[in-house]
Amino acid sequence: MKTLHGLDRPLGDTGLVVSPLGLGTVKLGRDQGVKYPSGFTIPDDREARQLLDLARELGINLIDTAPAYGRSEERLGPLLRGQRDAWVIVSKVGEEFEGGQSRFDFSPAHTRLSLERSLKRLETDIIDLVLVHSDGNDVAILRDSGVYETLAELKREGKLRAFGLSGKTVEGGLLALERGDCAMVTYNLNEQGERPVLDYAAEHGKGILIKKALASGHACLGAGVDPVRASFELLFGHPGVASAIIGTINPLHLSHNVATAAAVIRGGH
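Residues numbered from 1 in each chain as written. Predicted model: local features only at pLDDT ≥ 70, side-chain atom pairs only at ≥ 80, totals over all residues. Heavy atoms only, no water.

1. Digging into the overall build of the protein chain
Argument step 1. Helix and strand counts for the protein chain come out as ten helices and twelve strands.
Argument step 2. Against the 2.2 N^0.38 benchmark of 18 Å for 269 residues, the protein chain shows a C-alpha radius of gyration of 17 Å, consistent with a compact globule.
Argument step 3. Overall size of the protein chain, expressed as C-alpha extent along the three principal axes, is 50 × 40 × 35 Å.
Argument step 4. Partitioning the contacts of the protein chain with sequence separation of at least 6, the portion at a separation of at least 24 is 76%.
Argument step 5. Carbon and sulfur atoms make up 50% of the accessible area of the protein chain, which totals about 11,600 Å².
Argument step 6. Here the protein chain holds 31 positive side-chain charges and 35 negative ones, and the gap between their average locations is 2 Å. (Helix = DSSP H or I, 4+ residues; strand = E, 2+ residues; numbered from the N terminus. Rg over C-alpha atoms; globule rule 2.2 N^0.38 Å. Contact = heavy atoms within 4.5 Å. Areas by Shrake-Rupley, 256 points an atom, 1.4 Å probe, with all protein chains shown as cover. Lys, Arg positive; Asp, Glu negative; His and termini not counted. Charge placed at Lys NZ, Arg CZ, Asp CG, Glu CD.)

This is how it looks when you write it as structure tokens:
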């Protein structure tokens, strides 16, 4: 079985060391308002625990959650009990999901409240990486809302290890890295517009996580080309990329993704 053991890499200069794939957990917490081609059932606790155990077995140490992911954080707290040291936990601030709708609040007061709530839900006294969950107005959020200053304070207080932005623009990604530790960017076979953020990160020792890594790039591929392999060749071919977040709840998909990523990174087949 191909795994990611031995392939961990530094997340920029944060001091965090992460597996090349991370497990996204939106599907553990909500099934409304999510952009997936087919419906799914939220896994029960037994299935969720099996998925997390499999991820660890496959060499994944990075787990990505957010307050906007419905009950994801509050489920992960009990599910990860006794395993805190085995995981690098990423959560977010800025977006709330209530009654089937997203709303955004980047104010210092809400940022602090959100982080304290995440610590409680995740049953931990420190979150490894906290990202601002952008609504698309990346630059305005970073410049005007006070969210980044508040995260820097919380970092000094020892409540988080690193902070950054999960954004939607090149300008936002660059500003996020200039003033913070990490950016989460969209980068895949169809969408490569944020590549300058990856380039900047590689040059300046900053952290990059990739979202929507497998956004179906099937259309632009020739017959017989594995879209997952082609996606990972693109991502891991860039020196700026630390890890790609994969949001599957299907154990077979997870194992296949890991085996493919391991083969690409090791340069084998």
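Here the narrative resumes.
2. Re the packing of aromatic side chains
By convention here, two paired aromatic rings are described through the distance between centres and the angle between planes.
Argument step 1. Taken as a whole and assessed by the stated rule, the structure comprises three aromatic pairs.
Argument step 2. Ring centres of F232 and F236 lie 5.8 Å apart, and the angle between their planes is 45 degrees; on these two criteria the pair is classed as tilted. Here F232 pairs with F236, and both are found in helix 9 (residues 227-236), just four residues apart, close to one helical turn.
Argument step 3. F232 gets classed as buried once you look at its relative accessible area, which sits at 0%.
Argument step 4. When the ring centre of F40 is taken as reference, the NZ or CZ atom of K27 above it lies at 5.1 Å. (Phe/Tyr/Trp six-rings, centres within 6.5 Å; stacked < 30°, edge-to-face > 60°. Buried < 20%, exposed > 50% of the residue type's maximum accessible area, 1.4 Å probe, protein only. Lys NZ or Arg CZ within 6 Å of the ring centre and 35° of its normal.)

3. Focus: the pairing of strand 7 (residues 101-104)
Argument step 1. Sheet topology places strand 6 (residues 95-98) next to strand 7; four bridges connect them, and they run antiparallel. Along strand 7, the bridge assignment pairs F97 with S102.
Argument step 2. Hairpin connection of strand 6 to strand 7: two residues between the antiparallel strands, including G99 at a positive phi of 55 degrees. (Pairing = 2+ DSSP bridges.)

4. Digging into the sheet that holds strand 12 (residues 243-246)
Argument step 1. Strand order in this closed barrel of eight strands is 3-4-5-8-9-10-11-12, and the pairing throughout is parallel. The sheet shows a mean angle of 30 degrees between the axes of neighbouring strands, taken without regard to direction.
Argument step 2. Relative to strand 11 (residues 207-211), strand 10 (residues 182-186) runs parallel, the two sharing five bridges. Among the inter-strand pairings, C182 is bridged to a residue of strand 11, identified as G207.
Argument step 3. Along the sheet face, helix 6 (residues 147-156) touches strand 5 (88-93), strand 8 (127-133), strand 9 (160-166) and strand 10 and points at about 160 degrees away from the line of strand 9. (Axes fitted to C-alpha atoms, helices over the stretch in contact; angles between N-to-C directions.)

5. Re the packing of helix 2 (residues 45-57) against helix 3 (residues 72-79)
Argument step 1. Direction vectors running N to C along helix 2 and helix 3 enclose 70 degrees, while the axes themselves pass 11 Å from each other. One element, helix 2, and the other, helix 3, form an angle in the roughly perpendicular class. In this structure, helix 2 contributes D45, A48, R49 and L52 to the contact, and helix 3 contributes R75, L76, P78 and L79.
Argument step 2. Classifying every residue of the contact of helix 2 with helix 3 by side-chain character gives five nonpolar, no polar and three charged. (Parallel < 35°, antiparallel > 145°, perpendicular 65-115°, else oblique. Nonpolar A, V, L, I, M, F, W, Y, C, P; charged D, E, K, R; others polar.)

6. Overview of the packing of helix 7 (residues 170-179) against helix 8 (residues 195-204)
Argument step 1. One way to put it is that helix 7 packs onto helix 8 with a least axis distance of 8 Å and a crossing angle of 20 degrees. By the angle class used here, helix 7 and helix 8 are roughly parallel. The handedness of the crossing between helix 7 and helix 8 is right-handed. In this structure, helix 7 contributes V170, G173, L174, L177 and E178 to the contact, and helix 8 contributes P196, V197, Y200 and A201.
Argument step 2. Considering only residue class, the contact of helix 7 with helix 8 consists of seven nonpolar, one polar and one charged. (Left-handed = near helix turned anticlockwise from the far one by under 90°.)

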